[in-house]
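So the chains spell out like this:
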Amino acid sequence: MKHLFFIFLLFSFGSITAQTVSGVVREKGSGLPLPFANVFVNNTTQGIATDEEGRFTLSGNFPLEIELVASFMGFVTQVKTISFVENKEVEVFFELAFNESNLSEVELKAKRDKSWERNFRKFENVFLALPDDPYKSQIEILNPWVIEYEKINPEKEANYIRAYAKEPLLIKNEVLGYEIEYHLEDFRMLRTGSRFSGQVFFRSLNSSDSREQIKWEQARQSSYISSLRHLNQSILLNITDSVYFEMFRVVSGQLDRRRTNVFNLELNETIIPLENSSILRRPLGDKTFRIFLPDKIEIHHLEKKWGNDYYKDILTPISWIEAPDGYYDIDRNGVLIDPTKLMLSGYLARERVARALPLDFEVKSTLALSNEKSQVSNSKAEFQINKLREKVWLTTSKPYFYPGETAWIGGRVLYQDQFLADSLSRVLYVDILKANNEIVQSATFPILQGKISGALVLAQDLGPGDFGLRAYTHWNRNFPESDQFIAPFVVMEAGFIPEVTEAAKESFPRNIKVKSDAELSDSLNYRMMNLQLTFMDEFDNPIAAEFVLSISDVDQVTELTEGSSLEQAMDWLDKALPESFESGLNYPVEYGISIRGKYVPDNRRQPLITPITIVQGDLEDFGQVLPDSAGNFWATGLNFQDTAQIAIAAVNEKLRPIGSVKLNPIDKPNFNLTFPKLLYRKVTIPTEEYFLDTSGDYILLEEFVKEETRERETMAERNYGYGAPTQEVGPKELEKLTMEEILGLLRLNKNTAKFGNYNFGETVGAPLLIFDGSPRPYMQSGELLDFLLNSIEPSQLLSIKVYSDNISKAVFGMAGYAGVIMIETKKGFRINPEIKTKFNSEGFQFFPIPGITAFPEFPRNPPADQYLRKKPTIFWDPLAETTDGVFEVKIKVPYGIDRFRIKVEGRSLDGEVIFEIIEINK
């Protein structure tokens with residue numbers, strides 16, 4: 001999380017008696033007076049211009065110490081610290097040196113280069129406002145041409161960009177109603193954090209419209225309410241029961257417990273409510289105060305409509321403050337004396353110049369913030385729904401294909417709230433559409449940790465033409481159709497290739513650079529390429545990245561205009577739902593293959609709300625769900641390829657099937673948009689030697705079948721290959737605690753046998769119990785609790801591991817939909833009688849259910865004893881990622897290929913788009 005420090009808040013206002021500071025501003029060297037020079041008290045609205053003799057006088061209720069600033073166009077700004085400790089009247093003299101920098105070239109330069117423009121956009125995001133701040137569009141630097149940038153390469157620290165301005169920055173803030181003159185003293189920008197400092201003078205804007213004046217005053221009060229200054233004043237004055245802040249002390253959790261994103265679960269565990277009165281504060285005798293913070297403090301900003309990415313069950317903004325030295329100092333008005341003494345993160349760290357107020361701003365506590373408060377309730381629901389949106393981005397191994405070829409697909413899922421990624425879809429639907437929106441081919445692929453890998457083997461009889469590639473999740477259907485992915489998909493006629501103009505190939509520089517180093521060596525049947533890709537940010541520091549990598553033969557593959565770039569897809573993150581949007585969220589999230597149906601009882605005496613048992617194979621996967629009051633049920637989480645026979649039945653308390661089940665097929669959504677088309681023309685292939693990407697050319701069939709069999713044997717891997725659990729209790733606790741105490745430690749509700757609502761309101765059965773690697777199916781909540789409380793002696797166990805988050809849905813399938821309890825016993829310990837797991841299908845109905853589409857993986861390691869034939873796509877990896885900023889791979893290359901096109905597209909781990917096309921001639 002980035003920390004940004006404001007270093008221009010250096011002193012306070014609020015002294016009772018008035019002081020006066022006067023003096024003269026002269027030119028250094030000649031001693032001539034500088035008339036109409038600006039003299040102001042730093043970070044206030046108090047300033048004046050010198051008279052014809054360079055003199056000035058300022059009077060006001062100044063603090064004991066101020067910073068006085070003198071500036072004049074073409075001269076270097078000078079700052080002096082003035083103390084009123086002994087006198088109420090102080091005289092000061094300024095001598096301004098002439099700025100010898102030649103500004104004319106900068107001012108007359110009509111067009112900046114792209115590097116300057118990129119740096120300026122970053123500068124605005126750090127200095128003015130974050131990109132998602134609504135204030136961003138209403139604040140502007142009027143003279144951006146005075147800003148220059150240079151890259152600094154320190155020996156022992158990370159590289160950074162320094163910005164400097166040869167003249168004061170002139171800023172207009174139409175939200176708060178200020179003209180700001182900012183004398184930039186220092187600005188350093190890194191990917192991990194930034195800082196800046198300088199002297200600031202505020203001038204209030206004037207307007208004849210009284211409504212605009214009221215709007216400015218309300219915005220100022222609102223900015224103050226959410227500021228660090230207001231928080232510090234609340235602490236200093238010991239204001240209890242604040243309607244604006246709620247504070248919690250952050251404590252270390254138990255070593256065997258993983259922190260959740262549920263506020264109600266963390267309350268009194270990792271965050272403890274903190275009263276203002278419990279915070280130690282001490283006067284230092286010079287009208288400043290010391291605040292002692294022995295711990296990290298979490299702050300909830302009440303009555304604010306900005307959300308958070310930390311908790312999913314509350315909507316208020318969250319901030320954290322931490323004092324590295326255990327304390328920090330403020331003045332009587334809450335102004336931080338030394339910003340380096342306090343670390344800010346979260347909402348408070350978002351403050352930039354757009355939300356900054358002068359220190360002499362007068363707080364009107366009686367002003368009603370009616371506009372903001374009236375919008376809170378309405379915006380909360382809208383904000384929460386918008387956070388639940390997801391959208392797919394896909395790219396393919398080539399920009400066009402021929403009938404019969406394999407089109408490998410890779411991509412990522414974009415989330416409006418990245419924090420909810422684990423709670424959203426795990427299944428992706430992909431369609432190829434004709435111009436009339438008829439679906440000609442479909443596939444279903446898994447989404448694993450937001451990443452997508454798949455392939456479409458195109459039919460041999462698929463006619464050439466311009467198609468559309470559509471991708472969506474079931475959850476997408478709750479939102480506008482534009483949340484679906486759509487991109488051009490070109491199928492070429494045999495004997496032809498596409499041709500594009502040079503203008504269509506224009507590329508633009510990006511912040512992240514990718515450098516390649518490739519070496520080729522010969523062997524008997526192929527050549528070996530050692531490829532190294534180095535990812536560097538704009539500061540030339542290595543950067544972590546996840547990306548899709550494709551390498552093709554330049555002479556075989558024509559690069560078309562980018563039709564579905566990730567950079568374009570990322571624009572969706574800035575698009576909120578339309579105000580008229582309404583949704584009942586009727587389409588559930590899918591955590592695997594899903595089944596929708598209706599239970600029909602044999603007679604009216606049988607209840608409609610009867611557990612529905614669903615079994616795949618011989619208990620390869622299983623689960624239970626409850627239908628609603630009309631008998632409708634929804635089950636999700638199954639994980640299998642192609643089509644499987646699924647057994648389904650409603651069972652009574654004696655586990656005997658009753659009634660019957662009817663399935664409702666899950667239809668595909670209509671497509672009402674027009675898919676885009678690429679600009680190209682068909683030309684005859686200039687050579688007879690032309691190859692296709694068909695998976696059978698590169699991999700032996702028996703090897704693929706063997707690999708497929710291994711993938712299907714997932715239950716054995718699930719026994720002990722689950723990954724890190726949500727919580728774990730080890731021998732130390734098992735030796736001294738009762739089972740009831742252990743279940744409380746694991747947060748298992750002893751009334752419902754549930755860990756928490758991780759299923760978006762769906763009613764599911766009891767958690768899956770795995771005992772010494774053996775799953776125990778069909779256990780009802782009461783039966784599970786009785787077994788845990790009365791049949792197990794904790795001291796005879798090695799461990800109890802719990803999987804209670806949404807990750808378990810992908811790992812354990814439908815069986816783990818409500819969570820998993822995995823118990824491992826000590827050697828020789830047995831529980832009798834053993835539960836038989838053989839599935840008795842008597843009375844069950846069987847339904848053919850389509851599953852995940854089986855597809856040929858790209859052959860990265862073809863047989864070493866076979867001659868490697870030429871192919872258009874030489875290498876494909878949709879799940880590539882760097883290690884310390886570097887990606888390395890060994891690639892087997894057919895003889896006869898000497899020109900390679902390397903295409904990299906993805907994101908850095910902090911969300912920056914990466915796109916690079918590199919051509920190598922060997």
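What counts, and at which threshold
Residues numbered from 1 in each chain as written. Predicted model: local features only at pLDDT ≥ 70, side-chain atom pairs only at ≥ 80, totals over all residues. Heavy atoms only, no water. Helix = DSSP H or I, 4+ residues; strand = E, 2+ residues; numbered from the N terminus. Buried < 20%, exposed > 50% of the residue type's maximum accessible area, 1.4 Å probe, protein only. Contact = heavy atoms within 4.5 Å. Areas by Shrake-Rupley, 256 points an atom, 1.4 Å probe, with all protein chains shown as cover. pLDDT = per-residue confidence, 0-100. Core = buried A, V, L, I, M, F, W, Y, C linked by side-chain atoms within 4.5 Å. Pairing = 2+ DSSP bridges. Expected span 1.5 Å × (residues − 1). Phe/Tyr/Trp six-rings, centres within 6.5 Å; stacked < 30°, edge-to-face > 60°. Lys NZ or Arg CZ within 6 Å of the ring centre and 35° of its normal. Salt bridge = Lys/Arg side-chain N within 4 Å of Asp/Glu carboxyl O. Polar contact = N/O pair within 3.5 Å; in protein donor to acceptor, adjacent residues only side chain to side chain. Axes fitted to C-alpha atoms, helices over the stretch in contact; angles between N-to-C directions. Arc of directions from axis to C-beta.

**Describing the overall build of the protein**
Stage number 1. If you tally the helices and strands in the protein, you get 13 helices and 52 strands.
Stage number 2. Across the 922 residues of the protein, 51% fall into the buried class.
Stage number 3. Sequence-distant contacts in the protein: of pairs separated by 6 or more residues, those separated by 24 or more amount to 72%.
Stage number 4. Of the roughly 43300 Å² of accessible surface on the protein, 49% is carried by carbon and sulfur atoms.

**Topic: the confidence of the model for the protein**
Stage number 1. When pLDDT is averaged across the protein, the result is 82; 85% of the residues are at 70 or more.
Stage number 2. Per-residue pLDDT, averaged within each element of the protein, yields its smallest value for helix 8 (residues 701-712) (34) and its largest for strand 26 (residues 427-433) (96).
Stage number 3. For the stretch residues 1-16, pLDDT sits under 50, and the model shows 83 contacts to residues farther than four places along the chain or on other chains.

**Here's the deal with unusual backbone geometry**
Stage number 1. In this structure, Phe36 takes a positive phi of about 65° despite not being glycine.
Stage number 2. Relative to the helices and strands, Phe36 is located in the loop between strand 2 (19-27) and strand 3 (38-41).
Stage number 3. If you check the backbone angles, Asp884 has positive phi at about 55° while not being a glycine.
Stage number 4. Locating Asp884 in the fold gives a position in the loop between strand 49 (873-881) and strand 50 (886-893).
Stage number 5. In this structure Asp884 comes out as exposed when scored by relative accessible area, which is 72%.

**Structural notes on the nonpolar core**
Stage number 1. Counting residues in hydrophobic clusters, the biggest one holds 47 residues, and the most contacted among them are Leu394, Val430, Leu456 and Phe489.
Stage number 2. Of all the secondary-structure elements, those providing two or more residues to this core are strand 23 (390-396), strand 25 (406-415), strand 26, strand 27 (439-448), strand 28 (451-457), strand 29 (465-472), strand 30 (485-491) and helix 7 (566-569).
Stage number 3. Ranked by the residues each element gives to this core, the list is headed by strand 25, at six residues.
Stage number 4. Core analysis: the second largest hydrophobic core is formed by 37 residues, Ala163, Ala165, Ala354 and Phe539 among them.

**Quick notes on the pairing of strand 18 (residues 288-292)**
Stage number 1. Bridge analysis of strand 17 (residues 281-283) against strand 18 gives three bridges, and the strand direction is antiparallel. Looking at strand 18, one finds that Pro283 is bridged to Phe289.
Stage number 2. Where strand 18 lies against strand 21 (residues 327-331), five bridges are found, and the strand directions are antiparallel. Counted as the bridge partner of Arg290 is Asp329 from strand 21.

**Re helix 2 (residues 114-127)**
Stage number 1. The terminal C-alpha atoms of helix 2, which comprises 14 residues, lie 20 Å apart, in line with the 20 Å expected from a rise of 1.5 Å per residue.
Stage number 2. Every buried residue of helix 2 is accounted for by Trp116, Arg118, Asn119, Phe120, Lys122, Phe123, Glu124, Val126 and Phe127.

**A word on the packing of aromatic side chains**
Two aromatic rings are characterised by how far apart their centres lie and by the angle between their planes.
Stage number 1. All told, the structure shown has 32 aromatic pairs when counted by the stated rule.
Stage number 2. Relative to Tyr149, the ring of Phe123 has its centre 6.3 Å away and its plane inclined at 70°; by these criteria the two rings are edge-to-face. Of this pair, Phe123 sits in helix 2 while Tyr149 sits in strand 10 (residues 147-152); the two residues are 26 residues apart in sequence, bridging distant segments of the chain.
Stage number 3. Residue class for Phe123 comes out buried when judged on its relative accessible area of 0%.
Stage number 4. With a relative accessible area of 14%, Tyr149 lands in the buried category.
Stage number 5. When the centroid spacing of 5.7 Å and the interplanar angle of 75° are considered together, the rings of Phe248 and Phe263 count as edge-to-face. Separated by 15 residues along the polypeptide, Phe248 in strand 15 (residues 245-250) and Phe263 in helix 5 (residues 263-266) bring together distant segments of the chain. Each of the two residues, Phe248 as well as Phe263, counts as buried.
Stage number 6. Every member of this aromatic cluster is reached through a ring pair, and the members are Trp116, Phe120, Phe123, Phe127, Tyr149, Tyr182, Phe187 and Phe196.
Stage number 7. When the ring centre of Phe496 is taken as origin, the NZ or CZ atom of Lys682, which lies over that ring, is 5.4 Å away.

**Quick look at the sheet that holds strand 23**
Stage number 1. The sheet built from eight strands is open, its strands ordered 23-25-28-27-26-29-30-24 with mixed pairing. One side of each edge strand has no neighbouring strand; the edge strands of this open sheet are strand 23 and strand 24 (400-401).
Stage number 2. In this sheet, strand 30 lies alongside strand 24 in parallel orientation, the contact comprising two bridges. Looking across to strand 30, one finds that Tyr400 is bridged to Val490.

**Thoughts on the pattern of salt bridges**
Stage number 1. This model, assessed by the stated rule, comprises 31 salt bridges.
Stage number 2. Taking the shortest distance from any N to any O, the salt bridge between Lys513 and Asp540 comes out at 2.7 Å. With Lys513 in strand 32 (residues 513-522) and Asp540 in the loop between strand 33 (527-536) and strand 34 (545-553), this pair connects stretches of sequence that are 27 residues apart.
Stage number 3. Taking the relative accessible area as the measure of exposure, Lys513 reaches 30% and is therefore partly exposed.
Stage number 4. Exposure remark for Asp540: the relative accessible area of 28% places this residue in the partly exposed category.
Stage number 5. With a closest N to O distance of 3.3 Å, Arg527 and Asp898 form a salt bridge. On the criterion of sequence distance, the pair formed by Arg527 in strand 33 and Asp898 in the loop between strand 50 and strand 51 (899-908) is long-range, its members being 371 residues apart.
Stage number 6. With a relative accessible area of 36%, Asp898 lands in the partly exposed category.
Stage number 7. Connected through shared salt-bridge partners, Lys151, Lys513 and Asp540 make up one network.

**Describing the side chain of Asn99**
Stage number 1. Residue placement: Asn99 occurs in the loop between strand 8 (89-96) and helix 1 (104-108).
Stage number 2. Here Lys166 takes part through its backbone oxygen, which lies 3.3 Å from a polar atom of the side chain of Asn99.
Stage number 3. Not counting residues within four places of it along the chain, the set of residues in contact with Asn99 comprises Gly74, Phe75, Val76 and Lys166.

**Concerning the sheet that holds strand 4 (residues 47-49)**
Stage number 1. The sheet built from four strands is open, its strands ordered 4-3-6-7 with antiparallel pairing. Looking at strand neighbours, the two that pair on one side only are strand 4 and strand 7 (78-83), the edges of this open sheet. Across this sheet, the average inter-strand angle for adjacent strands is 20°, counted without regard to direction.
Stage number 2. The sheet contact formed by strand 3 and strand 4 spans three bridges and is antiparallel. Bridge pairing in strand 4 links Asn38 to Ala49.

**Things to note about the environment of Pro480**
Stage number 1. Locating Pro480 in the fold gives a position in the loop between strand 29 and strand 30.
Stage number 2. Sequence spacing of Pro480 and Ser583 is 103 residues, and the spatial spacing of their C-alpha atoms is 9.5 Å.
Stage number 3. Not counting chain neighbours up to four residues away, the residues in contact with Pro480 comprise Leu577, Pro578 and Phe581.

**With respect to helix 12 (residues 781-790)**
Every α-helix winds through 3.6 residues per turn, so residues three or four apart in the chain are directed the same way.
Stage number 1. Among the residues of helix 12, Leu784, Leu785, Phe787 and Leu788 are the ones counted as buried. For helix 12, the angular spread of the buried residues around the axis is 160°, confining them to a single face.
Stage number 2. Here the buried face of helix 12 lies against helix 11 (739-745), strand 44 (768-771), strand 45 (774-776) and strand 47 (820-825).

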